[in-house]
Every structure is written in C-alpha cells, then in structure tokens.
Amino acid sequence: AGCGWGYGSKNGPSHWHEQFPIAKEGSRQSPIELKNAETKYDSSLKPLTLSYDASSAKSLTNTGSSVQVDYEDGTDRLVLTGGPLCGKYRLRQFHFHWGACDDHGSEHILDGTSYSAELHLVHWNAEKYCDFAEAAKAPDGLAVIGVFLKVCNENPALQKMLSSLDCIKKKGSKVEFTDFAPCALLPPCLNYYTYLGSLTTPPLFESVIWIVLKEPITLSSEQMTKFRTLEFTGPDDPMQDNYRPPQPLKCREIRKNFQ
Ligand SMILES: NS(=O)(=O)c1c2ccccc2cc2ccccc12
Ligand SMILES: [Zn+2]
C-alpha cells in the first residue's frame, strides 16, 4: 500500500484527488487567495469572543504532517463564539504549516503575500453536534482560526512549544504538554476575513468556517528554523513545505469585519 497522503512529489497535494475526489470536484476547498479588494465588509459580523483557559492543554504530537497541540474538548473550557458563527465552538487542537524557507509556507495568501507559516486553531460546533467526528462531516461543523506567522522578532509564547520539539522529532511521537494558553498566540487585533471552506488536508471535508486574521504574529528566524528540525518520515526527510496551495474560489464570497 502507498505510504498514504503527504507533501512529497509522489503523494503531495497534486495527487490527493486520486484518493479524495473532492480535492478536484469540491465547491468549497481550502486554502484560497485572499484579495482584500474583492472582499466585502459586513457590519453584521460580530467580534470574535474567545474564552480560553490554559489548563486544558493535553499533549504535543508530531502527526507526520504537522506539529499539533491537543486539548481536552469534553467540556466547555476553550470556547469560540461570535464572529460569523452561530453557537459555541470548542477548541480541539492547533497545528502549523510552514515552508522550507522564510519566504513561503502559509496556506492562505493575503494580497499576493505568502507568510513563513500559518497557525490553525481547530474548533468544532459542540452546541449542535455530539463529537468532533460528527461535526467534521457537517457544513457548519468546524471553525478554524488561521493566523499568519511573519519572521521578525522572537515570540516568547512559542518558546515553550518549540523547546519541546526535540522530544517529538519522529513521526507519531507525542509528549505531555499542559498549561498552554492558546490566546498567547493571537495578535492584539482580531480583525478577520471569513469564508466557507474545507480541511486543507485529506479527507478535505467541506465543513470548515474559516476565520483568517488580518494581522500576523511574529517569530524569529531561529524559531522558524526550529520547526524544520521535525521529521516527516525520517532523518533525511525534514518536515517543511507542509502546506496546500490555494484552491479555486468558485462562487464564494469572502467577508471581513473591518473597513
Ligand atoms: N489544516 S486544517 O486546519 O484544515 C486541519 C484540520 C481542520 C479541521 C479539522 C481537523 C483538522 C486536522 C488537521 C490535521 C493536520 C493538519 C491540518 C488539519
Ligand atoms: Zn492546518
């Protein structure tokens, strides 16, 4: 059996449609290019409200496609409401996508700019659905906040996670990782773009309400280099360029909550 989907030349994004036809046939695939001039200001969009407490972080994992922090999502501890959302979405995990060099690596592209990396905070609609798996198949089941990362000065909030990466170099490795407040990874301004999209990795379910923040967070080039010390499949296969290129907008509208 093939080694499953990945980001290599033989199993990367251009091959995903072979096993996941929605990659080509879907009507709301992610990521996309965000062109500010073509987005629409919507005054009915509410501000994002995030009630995150640090305590319910659980673990840090090398998933073989990204580095991921998982949260305890059995109760309403880390909840996202407001914005374009109806109801309460629970934080389940966050992970990142990044490039082999600092000039690219993000999944969404803002006015032609690729950022060095992109953080995804994955939430599911715990008000309407019983669990994550059920929500992942519903058109309003998931909400992902995307945050661009720009190489500039060091980001102290990332340090706790980055200093633990040596323990999870290998695919599938996992360590306990607690008391991490995800709100420390958000920029001061929560102005956002929002559109209906999908997971950006197989199975590419079209169940994500995307909320992409306009303002990036920053990190140092040394911190950016740290991400690339993780491995995809082995020591000669550094984890980098784990991003899907932009997909056709088709007949979607992109809204924003700021003028
Ligand atoms: N890139 S992504 O946020 O679409 C994504 C998920 C999105 C929603 C639900 C689960 C997801 C799991 C992912 C696991 C690894 C990478 C991206 C993932
Ligand atoms: Zn992602």
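The residue numbers shown here count from 1 along each chain, following its written sequence. Think of it this way: whatever chain is written first is A, whatever ligand is written first is 1, and the rest follow in order. Whole-chain, interface and lining totals are the exception, using all residues; otherwise, since this is a predicted model, local features are given only for residues with pLDDT of at least 70 and side-chain atom pairs are given and counted only at 80 or more. Derived side-chain values reflect all non-hydrogen atoms in the structure, with water molecules and hydrogen atoms excluded from consideration.

Undergrad: Could you give an account of the overall build of the chain, naming the residues involved and the relevant values?
TA: Numbering of helices and strands starts at the N terminus; helices are DSSP runs of H or I of at least 4 residues and strands are runs of E of at least 2. Helix and strand counts for the chain stand at 5 helices and 15 strands. In summary, the chain has a C-alpha radius of gyration of 17 Å against a globular reference of 18 Å for 259 residues, a match within 12%. Structurally, the chain occupies a C-alpha span of about 50 × 40 × 40 Å along its principal axes. Contacts were defined at the residue level, with two residues in contact if any of their heavy atoms lie within 4.5 Å. Long-range pairs, those at least 24 residues apart, make up 72% of the contacts in the chain with a sequence separation of at least 6. Note that accessible areas follow from Shrake-Rupley with a 1.4 Å probe, and for residues the cover is restricted to the protein chains shown. Only carbon and sulfur atoms are counted for the fraction: they give 53% of the accessible area of the chain, which is about 11,300 Å². Positive: Lys, Arg. Negative: Asp, Glu. His and the chain ends are not part of the count. For the purpose of locating charges, the reference atoms are NZ of Lys, CZ of Arg, CG of Asp and CD of Glu. Looking at charge distribution, the chain has the averaged site of its 27 positive side-chain charges lying 3 Å from that of its 31 negative ones. To get the radius of gyration, use the C-alpha atoms; to get the globule rule, take the number of residues to the power 0.38 and multiply by 2.2 Å.

Undergrad: Give a description of the coordination of the zinc ion (ligand 2) that names residues and reports values.
TA: Each metal site lists N, O and S donors within 2.8 Å (3.2 Å for Na, K and Ca). With water left out of the atoms, a site can look as if it is missing ligands. Surrounding the zinc ion (ligand 2) are the protein donor atoms H95 (NE2), H97 (NE2) and H120 (ND1), which sit 2.0 Å from the metal. Along the chain, the residues that donate to the zinc ion (ligand 2) are spaced as H-x1-H-x22-H. Its relative accessible area of 2% is what places H97 among the buried residues. Burial classes follow relative accessibility: with a 1.4 Å probe on protein chains only, a residue under 20% of its type's maximum area counts as buried, one over 50% as exposed, and anything between as partly exposed.

Undergrad: I'd love a proper account of the layout of surface pockets, names of residues and values included.
TA: Grid points spaced at 1 Å and placed over the protein atoms alone form the basis of the search, with a cavity being a set where a 1.4 Å probe fits but cannot get out and a pocket an open set showing protein on both sides within 12 Å along at least five of seven lines. Lining residues have an atom within 4 Å of a point. Grid points are joined across faces, edges and corners, and a volume is the space filled by probe spheres set on the points. Looking at the largest pocket, its volume works out to about 720 Å³. Taken together, 34 residues line the largest pocket, and the ones lying closest to its centre are W5, Y7, T63, S65 and T201. Here the term charged refers only to Asp, Glu, Lys and Arg, the term nonpolar to Ala, Val, Leu, Ile, Met, Phe, Trp, Tyr, Cys and Pro, and the term polar to all other amino acids, Gly among them. Of the residues that constitute the lining of the largest pocket, the class distribution is 14 nonpolar, 16 polar and 4 charged.

Undergrad: Just give me the short version of the site of ligand 1, but keep the residues and values in it.
TA: Neighbouring ligand 1 are 15 residues; Q93, H95, H97, L199 and T200 lie closest to it. Pairs of N or O atoms within 3.5 Å make up the polar contacts considered here, provided that, within protein, one atom can donate a hydrogen while the other can accept it, and that residues adjacent in sequence are counted only when both atoms are side-chain atoms. One of the side-chain N or O atoms of H120 is found 3.3 Å from a nitrogen atom in ligand 1. In this structure, a nitrogen atom belonging to ligand 1 sits 2.7 Å away from a side-chain N or O atom of T200. For ligand 1, whose accessible area on its own is 390 Å², the fraction buried by protein is 90%. Assessed atom by atom at 2 Å from the grid points, ligand 1 resides in the largest pocket. Looking at the shell around ligand 1, the elements that each hand over two or more residues are β7 (89-98), β9 (117-125) and β10 (142-151). Among the elements that make up the shell around ligand 1, the one with the highest residue count is β7 (3 residues). The rule for a residue being near a molecule or strand is that one of its heavy atoms must lie within 4 Å of it. Placement in a cavity or pocket follows one criterion, namely that more than half of the molecule's atoms lie within 2 Å of its grid points.

Undergrad: Describe unusual backbone geometry, naming the residues involved and giving the relevant values.
TA: With an omega dihedral of 0°, the bond running from S30 to P31 counts as a cis peptide bond. Geometrically, the link from P202 to P203 is a cis peptide bond, its omega value of 10° lying close to zero. Mapping P203 onto the fold places it in the loop between β12 (192-197) and β13 (208-213). For D241, which is not a glycine, the phi torsion comes out positive at approximately 55°. Mapped onto the secondary structure, D241 falls in the loop between α5 (221-227) and β15 (255-256). Residue D241 is classed as partly exposed on the basis of its relative accessible area, which comes to 27%.

Undergrad: Residues and numbers for the confidence of the model for the chain, please.
TA: Looking at any residue, its pLDDT shows the predictor's confidence there, from 0 to 100. The pLDDT averaged across the chain works out to 96; a share of 98% of its residues lies at or above 70. Interface predicted TM-score (ipTM) for the complex: 0.96; the corresponding pTM is 0.98.

Undergrad: With reference to specific residues and values, describe the nonpolar core.
TA: Nonpolar core, defined: a set of buried Ala, Val, Leu, Ile, Met, Phe, Trp, Tyr and Cys residues in which side-chain atoms within 4.5 Å join the residues together. Residues V67, F94, F96, W98, L121, M161 and F227 are the most contacted members of the largest nonpolar core, which totals 49 residues. Ignoring any residue separated from it by four or fewer positions in sequence, one finds L121 in contact with Y52, L91, Q93, F94, A143, V144, I145, V147, P182 and L186.

Undergrad: Quick one: what's the story with the packing of aromatic side chains, residue by residue and with numbers?
TA: One pair of aromatic rings is described through two measures. These are the centre distance and the angle between the planes. Here the aromatic set is Phe, Tyr and Trp, taking the six-membered ring for Trp, and pairing holds for ring centres within 6.5 Å; pairs whose planes are under 30 degrees apart are stacked, those over 60 apart are edge-to-face, and all others are tilted. One pass over the structure, following the stated rule, counts 12 aromatic pairs. Measuring from ring centre to ring centre gives 5.9 Å for W5 and Y7, while their planes differ by 75°; the resulting arrangement is edge-to-face. Since its relative accessible area comes to 28%, W5 is described here as partly exposed. For Y7, a relative accessible area of 14% gives the class buried.

Undergrad: Tell me about the pairing of strand β6 (residues 79-82), and name the residues and values.
TA: In this structure, strand β3 (residues 48-51) lies alongside β6, joined through 4 bridges in antiparallel fashion. Paired with L48 across the strands is G82, a residue of β6. One bridge is not enough; two strands pair if DSSP finds at least two bridges between them. Bridge analysis of β6 against β7 gives 2 bridges, and the strand direction is antiparallel. Counted as the bridge partner of V79 is R90 from β7. With antiparallel pairing between neighbouring strands as the criterion, β6 and β7 make up a hairpin whose turn holds 6 residues, including G83 at a positive phi of roughly 55°.

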